[in-house]
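# Summary of structural features
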Amino acid sequence: MNKIFAIVRREFIERVRQRWFWVMALLGPLLFGALMVIPALLIGSASLKHIAIVDSSTQGLGKAIALQLDTSKVQSVQVLPGPRVADSLMQVVSAKQLDGFLLISDALVDSGKAEYRASNVSSFTTNNEIEGALRRVATTVRLTREGVDQAAIGRAYKVQLDMQTTKIANGKATGESAAQSFSLAYFMGIILYIAILLYGINVMSSVLEEKTTRIVEVLVSSVKPFELMLGKVIGVGAVSLFQFLIWGVAGRWLFSMRSKLGADPSAASQSPFQVPHVSLDTGLIFLAYFLGGFMLYSAMFAAVGAMSSNEQEARQAQQPVSMLLILSYISMFGMLNDPNSTYAVTLSMIPFTSPIAMPVRWAAGNLPIHEVIISLVLLVIGILAVTWVAARIYRVGILMTGKRPNPKELLRWIRTA
Amino acid sequence: MPNPAVQLDRITKRFDKNVAVDQLSLNVPPACIYGLLGPNGAGKSTSIRMMMHIQVPDEGTVRLFGEDGKTGRDHSARIGYLPEERGLYQKMRVLDVIVFLAEMKGVERRTARIKALEWLDRLGLGDRSMRRVNELSKGMQQKVQVISTLIHDPDLLVLDEPFSGLDPVNAQVLKDEVLDLKQRGKTILLSTHIMEQAEQLCDGVCIIARGKKLVDGPLAEVKRTHGGRHVHVAFDGAAGDAERLFADPKLVKEKESTGQYAELELAQNADAQDILKGLVNSGARLAKFELAEPSLNKIFVDLVGPEAAVAAAQPEAK
């Protein structure tokens, strides 16, 4: 027992002493902060757009639209329609003297049709602004036709809409917006993927180091190979928890400092990425699946390290293991849309994909607790089975030199008692 | 008779279809230096790994310190093991490596620290204890390995090719430590393919080739029973008596004499002392009387030579 503890301590201390640990510890919150601040900055700094309005309507709609546009966002000039005016305006846009132009006619009022051509049509802010102006003008004209008083229309527009979205969990409102659950699920997926891969590979290189330096021979003359592997996995796992602790504390601090960091919360609320509120049970689910996923994958990575005799071989041999993890990461995007589809439920039950799939489902939507329990039980069974196989490969592999075993030899390693 | 430190009873280890060690039995008596000798690939390292329980024999048993049912791993606190291929954690600090490896041997952390510092001082590495291993020269790293093998004051020291790769200074350091340990009643088992070293150091030997034991026992006995026993004599006077003495078939099997100088091969069961007595009684003045024992190297080549030739002639004959 003391020996396992010594192995755990060595893994922990040597890793925490390394520079890359602190680089990661710093980069994590920086990334976190960047995801929080950058969208806000981008929205805040959406530059002023200059457009032309080509008005071929009979009722001066172009001027009305120009009045509706917020001149701090979009400034416009009126252009008279002509047979070749669109072509020449396109030249002007290409020459970057104009950001775009709007083509309107009477059809705007009748059927809501208008056309906006620009060098960049994916700017949410600009599109929203122009669409809003078009909508208000068309509505105003229509209401006027119906005999509604202009002043009354003006008053009607004074209402400021502010719809809040709130997630319901266990019959209670959670105070989480839709955007927040989305970002929470997304963040958890990314962090789980990176952390499991990173620390799994850490276990692998640690195994490989002992194997290539042959220290392993001295070690297994004093401890059982399984104890060595266990100590390693626990030690690296402890490092990862320490890393999360640093990230957690730093993240909280950044969150509390966000107004001072220049991220205007009201601007950020328009961004699809939001700093989510992490509840205790979400945190626990995250930790449980991280630990489970880490144990499952690090056992596999340990086996890979044991069967390789140098870095290159290990890099090749770890590809199938990484692919499994990448697969669960990629499948996350499909799950975010519908966290309760058969596809998502299946992935969150299979031990190889559940460490990422289940927390993502949990964060994205409300889950029946029994699904979580079944998934956790399956994960534990998966860990036991994989560890049993991995330990057998490990035990033989660490003492082997020479070429990497083929699948047939691997099977024999597993079978030898 | 005290329990042998190591007792192998017909241990066999196969890899695929290859028999690495075949029915090997040997006894290493306590408080001596024992050499496991053999050419490369003879199965020395595999035998040692089985003693250490790093590999489990397919057949046969390993007994250490005369205790049944306990493996090398169970006894690891009493065993110091230096494998043939050596390495250290390159990025760890020297002191930390030694302490960690001592902990693996069951030494308590604080004790390990104190002892490690003592050892480092003793071997002239006192000022390097906080350096990383990869900042040390190769020779210094070898010292660190020697320290981590000896730090827990083992009763049994198992050294696989201990001198290969060691520079002369460290080889001497290790040799001194080994002799010192023997003085203190510890048992040392070492494997080597360099016979001169074994001849200098070992009290007992076991020669193996292709996984099989060829001969074992105390070095003197092995020398006596293997290879001819020769006496070289140079003398003055009493030539006739001497001739008569050398002609006795009970004493001398073969002789090559030039009157005043003779090289004799002793007959079976003959004692060289009888020839000495006979010569002295005859009144000859002895200038030289030498028991020319064959070197271990000669025995080794005689024994292993044909075996190795057979091995080369029929590879993988199973």
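Let us look at the structure shown here. Just so it is clear, the structure is predicted and the values come from calculations on it, not from any experiment. The written sequence of each chain sets the order in which its residues are numbered from 1. Here chains are named by letter from A upward and ligands by number from 1 upward, in the order in which they appear as written. The predicted nature of this model means local features are confined to residues of pLDDT at least 70 and side-chain atom pairs, given and counted, to a pLDDT of 80 or more, with totals for whole chains, interfaces and linings taken over all residues. Values reported for side chains reflect all heavy atoms of the structure, with hydrogen atoms and water molecules removed beforehand.

## Looking at the overall build of chain A
The test is simple: To qualify as a helix, a DSSP run of H or I must reach at least 4 residues; to qualify as a strand, a run of E must reach at least 2; elements of each kind are numbered from the N terminus. Partly exposed describes any residue whose relative accessible area lies between the buried limit of under 20% and the exposed limit of over 50%, with all areas from a 1.4 Å probe on protein chains only and scaled to the type maximum. Contacts are assigned to residue pairs with any non-hydrogen atoms lying within 4.5 Å of each other. Only the protein chains shown count as cover for residues, with accessible areas throughout obtained via the Shrake-Rupley method and a probe of 1.4 Å.
Scanning chain A from N- to C-terminus turns up 18 helices and six strands. Counting across all 417 residues of chain A, residues that qualify as buried make up 47%. Look at the contacts in chain A between residues 6 or more apart in sequence, and 75% of them connect residues 24 or more apart. Element-wise, carbon and sulfur atoms account for 65% of the exposed surface of chain A, whose accessible area totals about 21300 Å².

## Quick word on the packing of helix α12 (residues 280–307) of chain A against helix α17 (residues 369–397) of chain A
All names here are of chain A. Applied cut-off: For helices, the fitted line uses only the C-alpha atoms of the stretch in contact; every axis is such a line through C-alpha atoms, and the angle between N-to-C directions lies from 0 to 180 degrees. Roughly parallel refers to an angle under 35 degrees, roughly antiparallel to one over 145, roughly perpendicular to one between 65 and 115, and oblique to any angle outside these ranges. Note: crossing handedness is left-handed where the near helix turns anticlockwise from the far helix by less than a right angle, and right-handed where it turns clockwise. Note that Gly is not counted as nonpolar here; it falls among the polar residues with everything else outside the nonpolar set of Ala, Val, Leu, Ile, Met, Phe, Trp, Tyr, Cys and Pro and the charged set of Asp, Glu, Lys and Arg.
Interaxial distance between α12 and α17 falls to 8 Å at its minimum, and their mutual angle equals 20°. One element, α12, and the other, α17, form an angle in the roughly parallel class. Relative to α17, the crossing made by α12 is left-handed. For the contact of α12 with α17, the class distribution of residues is 19 nonpolar, six polar and no charged.

## Description of the pairing of strand β2 (residues 18–28) of chain B
Residue and element names in this part refer to chain B. As a reminder of what qualifies: One requirement defines pairing of two strands: DSSP has to find at least two bridges between them.
Judged from the seven bridges that link them, strand β1 (residues 6–15) and β2 form a sheet pairing that is antiparallel. By the bridge assignment for β2, R14 is matched with V19. Remark: two residues form the turn of the hairpin made by β1 and β2, two consecutive strands paired antiparallel; D16 in that turn has positive phi of roughly 50°.

## Focus on the pattern of salt bridges
Residues and elements named next belong to chain B. Worth spelling out the cut-off: By convention in these notes, a salt bridge is any Lys or Arg side-chain nitrogen within 4 Å of a carboxyl oxygen on Asp or Glu.
If you walk through the whole model with that rule in mind, you get 37 salt bridges over all chains. One salt bridge in this structure joins K223 and E199, with 2.4 Å as the shortest N-O distance. Placement of the pair is K223 in helix α7 (residues 219–225) and E199 in helix α6 (residues 195–201), with a sequence separation of 24 residues. Here the salt bridges share partners, and the residues they tie into one network are E67, K70, R78, D153, D155, D180, R184 and K186.

## Considerations on the sheet that holds strand β12 (residues 261–266) of chain B
All names here are of chain B. Strands sit in the order β11-β12-β10-β13 across an open sheet of four strands; the sheet is antiparallel. Across the chains shown, the open sheet's two edge strands, defined by having one partner strand only, are β11 (252–257) and β13 (285–292). Neighbouring strand axes in the sheet, compared pairwise and without regard to direction, differ in orientation by 20° on average. Pairing between strand β10 (residues 230–236) and β13: seven bridges, direction antiparallel.

## Some details on the packing of helix α2 (residues 94–104) of chain B against helix α3 (residues 109–122) of chain B
All names here are of chain B. As a packed pair, α2 and α3 sit with axes 9 Å apart at the nearest point and diverge in direction by 130°. Classified by the angle between their axes, α2 and α3 sit oblique to one another. Where α2 crosses over α3, the handedness of that crossing is right-handed. Residues V94, L95, I98, V99, A102 and E103 of α2 form the contact with α3, whose own contacting residues are R109, A112, R113, A116, L117 and L120. Considered class by class, the residues forming the contact of α2 with α3 number nine nonpolar, no polar and three charged.

## Brief notes about a positive patch on the surface
Counted only if it meets this: The patches reported here contain residues having more than 30% relative accessible area and no salt bridge. Joining distances are 9 Å for like charges and 5 Å for nonpolar side chains (Val, Leu, Ile, Met, Phe, Trp, Tyr). The charged-residue count follows a simple rule in which Lys and Arg add positive charge and Asp and Glu add negative charge, with His and chain termini not counted at all. Think of each charge as sitting on NZ of Lys, CZ of Arg, CG of Asp or CD of Glu.
On the surface, a cluster of positive charge is made up of A:R19, B:K91, B:R93 and B:R132. With respect to the helices and strands, the residue B:R93 is situated in the loop between β5 (79–82) and α2.

## Re helix α18 (residues 407–415) of chain A
Residues and elements named next belong to chain A. Spelled out, the test is: Taken from the helix axis, the directions to the C-beta atoms give the arc we talk about.
Buried residues of α18: L410, W413 and I414, and no others. Looking straight down α18, one finds that the buried residues subtend no more than 95° of arc, so they occupy a single side. Those residues of α18 that are exposed and aimed more than 90 degrees away from the buried face are K408 and R415. Those residues of α18 that are buried are in contact with α12 and α17.

## Section: the packing of aromatic side chains
All names here are of chain A. Our working definition: Aromatic pairs are defined between Phe, Tyr and Trp rings, using the six-membered ring for Trp, whenever the two ring centres lie within 6.5 Å; interplanar angles under 30 degrees are classed as stacked, those over 60 as edge-to-face, and all others as tilted.
The final tally for this structure, using the stated rule, is 14 aromatic pairs over all chains. Relative to F242, the ring of W22 has its centre 6.3 Å away and its plane inclined at 90°; by these criteria the two rings are edge-to-face. Of this pair, W22 sits in helix α2 (residues 19–44) while F242 sits in helix α10 (residues 225–256); the two residues are 220 residues apart in sequence, bridging distant segments of the chain. Of the residues examined, W22 reaches a relative accessible area of 41% and is grouped as partly exposed. When its relative accessible area of 27% is taken as the criterion, F242 is described as partly exposed. Ring centres of Y193 and Y329 lie 4.3 Å apart, and the angle between their planes is 15°; on these two criteria the pair is classed as stacked. Of this pair, Y193 sits in helix α8 (residues 178–212) while Y329 is found in helix α14 (residues 319–337), placing the two residues 136 residues apart along the sequence. Here the aromatic cluster, defined as three or more aromatic residues joined through ring pairs, consists of F244, W247, F286, F290 and F294.

## Section: the sheet that holds strand β4 (residues 59–64) of chain B
Sheet strands pair by backbone hydrogen bonding; their relative direction is either parallel or antiparallel. Residues and elements named next belong to chain B. Reading across from one edge, β2-β1-β4 is the order of the three strands in this open sheet, with antiparallel pairing throughout. Edge positions in the open sheet fall to β2 and β4, since each of these has one partner strand only. Between one strand axis and the next, the sheet turns by 20° as a mean value, whatever way the strands run. Here helix α1 (residues 44–51) sits on the sheet and contacts β1, β2 and β4; the angle it forms with β1, its principal contact strand, is near 120°.

## Looking at unusual backbone geometry
Residues and elements named next belong to chain B. Unlike most non-glycine residues, R10 shows phi in positive territory, near 45°. Along the chain, the position of R10 falls in strand β1. In the Ramachandran plot, H53 falls in the positive-phi region, its phi being about 65° despite a non-glycine side chain. In this structure, H53 sits in the loop between α1 and β4.

## Observations regarding the environment of A:A195
Relative to the helices and strands, A:A195 resides in helix α8. The spacing of A:A195 and A:G293 is 98 residues in sequence and 9.7 Å in space, taken between C-alpha atoms.

## Things to note about the interface of chain B and chain A
Note the following rule: Here the buried area means the combined drop in accessible surface, using a 1.4 Å probe, for two parts upon being joined, counting both sides.
At the junction of the two partners, chain B supplies 27 residues and chain A supplies 23 residues. Buried surface at the junction of chain B and chain A, both sides included, amounts to about 2400 Å², of which 56% is carbon and sulfur. When the buried area of chain B at its contact with chain A is split by residue, B:R73, B:Y89 and B:M104 rank highest and sum to 28% of it. Across the chain B-chain A interface, the total number found is three salt bridges.

## So, the side chain of A:K232
Residues and elements named next belong to chain A. This is how it is decided: Whenever two N or O atoms come within 3.5 Å, that pair is a polar contact, provided that in protein one can donate a hydrogen and the other can accept it, and provided that, for residues adjacent in sequence, both atoms are side-chain atoms.
Within the secondary structure, K232 is located in helix α10. Side-chain polar atoms of K232 contact the side chain of E210, separated by 2.8 Å. Look past the residues within four positions of K232 in its chain and what remains in contact with it is I7, R10, E11, V203, S206, V207, E210 and Y394.

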